[in-house]
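Descriptive analysis of the structure
Now for the letters of each chain:
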Amino acid sequence: MNTPLLSVRDLHVNFGTSEGDVQAVRGVSFDIDRGETLAIVGESGSGKSVTASAIMRLNFGADIRVSGSALFEGKDILSMGEEEVRKMRGSDVAMIFQDPLTALNPFYTVGNQISEAYTIHHPGTSKKELRALALDAIEKVGIPEPVKRIKQYPHEFSGGMRQRIVIAMALINQPKLLIADEPTTALDVTVQAQILELIGVMQEENGTAVILITHDLGVVAEVTERVLVMYAGRLVEKASVIDAFASPTHPYTRGLLNSVKSLDSDRHSRLEPIPGIPPSLIDLPTGCPFHSRCRYAASLNGRCSTEVPELKAVGNSWSACHLPVDLLAAPIKESL
Amino acid sequence: MFYALSVVNLEIDEIEISAEVKDISDSSGLSPWQLGMRRFRKGRLGVIALWVVLFYVLVAIFAPFIVRLLNVDPYALDRQAINDFGLPKGPLGSMSWNHPLGVEPGTGRDILGRLIYGTRLSLIIGTVGTVLSTTVGVCLGIVAGLRRGWVDSLISRIGDVALAFPSLLLIIALANPMTQRLESWGVPKGNTAKLTYILTILTIFGWVYMARLVRGQVLSLRERDFVEAARSFGAGTNHLVFKQLLPNLWPQIIIFVAMSLPGYVALEATLSFLGVGFQAPTASWGIMLGDSVRYYRADTAYLFIPGGALLILVLGFNLLADGLRDAFDPRSDRQQL
């Protein structure tokens, strides 16, 4: 059991557009173990969702180039044949989408859709069995009156309830890995916590590993063990959740944490936004992608704008920054 | 035929639902289809139009029985009813108990009988033409929308070319040579060959609008999460097309069919009127119209009979399409007529 469940190495994803190549993901590597929860954090366009759909091989179209490898239980997903990928999707690796309002087909009852997700991988299951399975799945995700609800259509459910159904569909084949792409972004704050808790419970019951993609640092702190921070298609920091929050190393991670308010922060302190905007993925800056917004870049005599920083160990974390290790490891309030 | 059956299904659905809606007063457990049918039933004009269309369909299906029942033979020549100049004796084109809508000048054939048989021909052309071009259009539209890239470009450009063609001129110009070619290939001579020619050419030029509509819908649907979600659950292409895309396309397809069918009926009449389509003694509204124009001074009633039948049918289908659109595509935000 020493080999990780999923091992992504040097993943690159490029989209060809009329304006030029969009380099959405550039050399991302990470591992995830069985049953583990891993968060990928970053702002819009940082490549986190693209990474997820590359793992699912969901990238449509001819203008997309994916390179690198993603070994799932030793088999490279990126070099699988179509049929093999189809068999893997849903049964080994399943996905939850951001917007539960559009993730369900309006023309089928939810019971029908849940059992459909099962029959794709278990053809020839009897109707009676399917009904029992769907009822069971709906009950497990905490929807009351399953017998009545199973016959209803998606438009009769609230957003939170629909997300529960999507989760039920994703977990019906007991996948080993669940990719949740911003599962709570489209939901009310009160419902968010319930959905996260549900994912946690289901994960424990089935021993599923979860990759949680989000831009919400609160969500990360609540449910995950390890965090990957992405910026402009690159990993800038890898750390345990505790390290990432208590002693963030990369200037970008620090900026992210400074730009949210927490309950224990001083109520008179001002939020500190990160200045500037993320770089265009078509016309990327040389060197560190963050250098134009980084307040320390000037102190390194132009190294930041010429040389791409590699991930290096800083205490228990990994950080892609040219700053010396002792500076990166310094407590957040001091020196930096 | 698949598509034609579904149109019939729609009507059956409606009858079944009417029983169901009565005991469930809220909208719980109703599919988008059922909700749409419910809205449709509330639009009075649409329902009336549906009955009108159904009436025509029944007349077309049971034409031989109706003709026998009314004792009007569309092909029998009644010399008694016309005078020596070939004009109908008596007022209004010799309307009488024997010939309720009068007789045809020149031959004395019964107009009601010919009208009833003409309904059959018009609806066959309309239905088969629509089904063929819709089938081709839907298939090509889905392929273009799903595959994108060069496949999409190829299909779209072929469509552009088909639309750019002066199709009516081509239909008229090719009518005789192509009909003869078809006959030499073993298609039965006469009306069957004509019918085959007209249907083929209608399909060749008619699929484009449907394909464009479907392509656009597929392009937007495929970006919706449920299609992506189905893929993430391991669904194959067949599943995507038949289970995810088509159910979402049906309302649009049916509305489009209802809108384009009268166009085909009118086109058949136009072609027959111009002498390109069927020839007498075949009973066709277009032939009757063409014929009546020659006699309109002496026998004005004759002109209005096939014209009126055509007008009501086309109007019925258009109002039906409007009703369906209001019911199934509420976002189109049109006021009820």
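Residues numbered from 1 in each chain as written. Chains lettered and ligands numbered in written order. Predicted model: local features only at pLDDT ≥ 70, side-chain atom pairs only at ≥ 80, totals over all residues. Heavy atoms only, no water.

Overview of the overall build of chain B
Assigned secondary structure in chain B consists of 13 helices and zero strands. Each helix and strand of chain B, ordered N terminal to C terminal, gives the series α-α-α-α-α-α-α-α-α-α-α-α-α. Put simply, of all contacts in chain B between residues at least 6 apart along the chain, 69% involve residues at least 24 apart. Taken as a whole, chain B presents about 16700 Å² of accessible surface, with 64% of it coming from carbon and sulfur. (Helix = DSSP H or I, 4+ residues; strand = E, 2+ residues; numbered from the N terminus. Contact = heavy atoms within 4.5 Å. Areas by Shrake-Rupley, 256 points an atom, 1.4 Å probe, with all protein chains shown as cover.)

Notes on the domain arrangement of chain A
Residue and element names in this part refer to chain A. Splitting chain A by domain gives domain 1 (6-224) and domain 2 (230-328). Put simply, the middle of domain 1 and the middle of domain 2, counted by C-alpha atoms, are 29 Å apart. Facing the 25 residues of domain 1 at the interface are 19 residues of domain 2. The contact between domain 1 and domain 2 buries some 1800 Å² in all, and 59% of this surface belongs to carbon and sulfur atoms. By the criterion of area lost to domain 2, the three top residues of domain 1 are Arg-26, Glu-43 and Leu-217, representing 38% of everything that side buries. (Domains from an automatic or database assignment. Buried area = accessible area lost by both parts, 1.4 Å probe.)

Examining the interface of chain A and chain B
Facing 32 residues of chain A, the contacting portion of chain B comprises 28 residues. Approximately 2600 Å² of surface area, both sides summed, lies buried where chain A meets chain B, with 60% of it carried by carbon and sulfur atoms. The partner of Lys-243 of chain B in a salt bridge is Glu-116 of chain A, and the shortest N-O contact between them spans 3.3 Å. Viewed at the interface, chain B and chain A are joined by ten residue pairs in polar contact (both at pLDDT 80 or more). At the level of secondary structure, the elements contributing two or more residues to the side of chain A that touches chain B comprise strand E6 (93-96), helix H3 (110-119) and helix H6 (159-171) of chain A. Tallying contributions element by element places H6 of chain A first for the side of chain A that touches chain B, with three residues. (Salt bridge = Lys/Arg side-chain N within 4 Å of Asp/Glu carboxyl O. Polar contact = N/O pair within 3.5 Å; in protein donor to acceptor, adjacent residues only side chain to side chain.)

Topic: empty space enclosed by the protein
What the rule picks out here adds up to five cavities of 30 Å³ or more. Looking at the largest cavity, its volume works out to about 140 Å³. Taken together, the elements giving at least two residues each to the lining of the largest cavity come down to H3 of chain A together with helix H10 (225-232) and helix H11 (237-273) of chain B. A per-element tally of the lining of the largest cavity places H3 of chain A first, with four residues. (1 Å grid on protein atoms, 1.4 Å probe; cavity = no way out; pocket = protein on both sides within 12 Å on 5 of 7 lines; lining within 4 Å. Points joined across faces, edges and corners; volume = space filled by probe spheres on them.)

So, helix H10 (residues 251-258) of chain A
Think of an α-helix as 3.6 residues a turn; residues three or four steps apart then line up on the same face. All names here are of chain A. Of all the eight residues making up H10, seven are buried; the element is thus mostly covered by neighbouring parts of the structure. All of the buried residues in H10 are Pro-251, Tyr-252, Thr-253, Arg-254, Gly-255, Leu-256 and Leu-257. On the buried face of H10, the contacting elements are helix H8 (217-223), strand E9 (226-231), strand E10 (234-240), helix H9 (241-246) and helix H11 (325-328). (Buried < 20%, exposed > 50% of the residue type's maximum accessible area, 1.4 Å probe, protein only.)

Quick word on the packing of helix H2 (residues 32-42) of chain B against helix H3 (residues 44-61) of chain B
The description of two packed helices rests on the angle between their axes and on the distance between the axes. Residues and elements named next belong to chain B. Taken N-terminus to C-terminus, the directions of H2 and H3 make an angle of 90°; their axes are 5 Å apart at the nearest point. It follows from the interaxial angle that H2 and H3 lie roughly perpendicular. Of the residues in H3, those touching H2 at Phe-40, Arg-41 and Lys-42 are Arg-44, Gly-46, Val-47 and Leu-50. (Axes fitted to C-alpha atoms, helices over the stretch in contact; angles between N-to-C directions. Parallel < 35°, antiparallel > 145°, perpendicular 65-115°, else oblique.)

Side note on unusual backbone geometry
One non-glycine residue with positive phi stands out, namely Glu-73 of chain A, at about 50°. Within the secondary structure, Glu-73 of chain A sits in the loop between strand E4 (64-72) and strand E5 (75-76).

Focus: the sheet that holds E9 of chain A
All names here are of chain A. Strand order in the open sheet made by the eight strands is E6-E7-E8-E3-E9-E10-E12-E11, with mixed pairing throughout. Strands at the two margins of the open sheet, each flanked by one partner only, are E6 and strand E11 (312-314). In this sheet, neighbouring strand axes are inclined to one another by 20° on average, regardless of whether the strands run parallel or antiparallel. The pairing of E6 with strand E7 (residues 177-181) spans four bridges and is classified as parallel. Paired with Val-93 across the two strands is Leu-177, which belongs to E7. Relative to the sheet, helix H1 (residues 48-55) contacts strand E3 (37-41), E6, E7, strand E8 (209-214) and E9, its axis offset from that of E8 by approximately 145°. In the packing of helix H7 (residues 189-206) onto the sheet, the strands contacted are E3, E6, E7 and E8, and the crossing angle to E8 comes to about 160°. (Pairing = 2+ DSSP bridges.)

So, the sheet that holds strand E2 (residues 20-32) of chain A
Residue and element names in this part refer to chain A. The strand order across the open sheet formed by four strands is E2-E1-E4-E5, and the pairing between neighbours is antiparallel. Edge strands, defined here as strands with exactly one partner in the open sheet, are E2 and E5. In the sheet, E4 pairs with E5 via two bridges, with the strands oriented antiparallel. Looking at E5, one finds that Leu-71 is bridged to Asp-76. Sitting on the sheet, H1 is in contact with strand E1 (6-17), E2 and E4, with an inclination near 110° to E1.

Quick word on the pairing of E2 of chain A
For E1 of chain A and E2 of chain A, the ladder comprises ten bridges, and the chain directions are antiparallel. For Leu-11 of chain A, the partnering residue across the bridge sits in E2 of chain A and is Val-28 of chain A.

As for the pattern of salt bridges
Summed over the entire model, instances satisfying the criterion amount to 19 salt bridges over all chains. In this structure, the salt-bridge partner of Glu-182 of chain A is Lys-48 of chain A, at a minimum N-O distance of 3.5 Å. Placement of Glu-182 of chain A in the loop between E7 and H7 and of Lys-48 of chain A in helix H1 is noted, with a sequence separation of 134 residues between them. Residue classification places Glu-182 of chain A among the buried positions, given a relative accessible area of 6%. Across the salt bridge formed by Asp-291 of chain B and Arg-294 of chain B, the nearest N and O atoms sit 2.5 Å from each other. With a gap of three residues between them, Asp-291 of chain B and Arg-294 of chain B both fall in helix H12 (residues 285-294), about one helical turn apart. On the basis of relative accessible area, Asp-291 of chain B is assigned to the buried category, the value being 12%. Looking at Arg-294 of chain B, the relative accessible area reads 63%, which means it is exposed.

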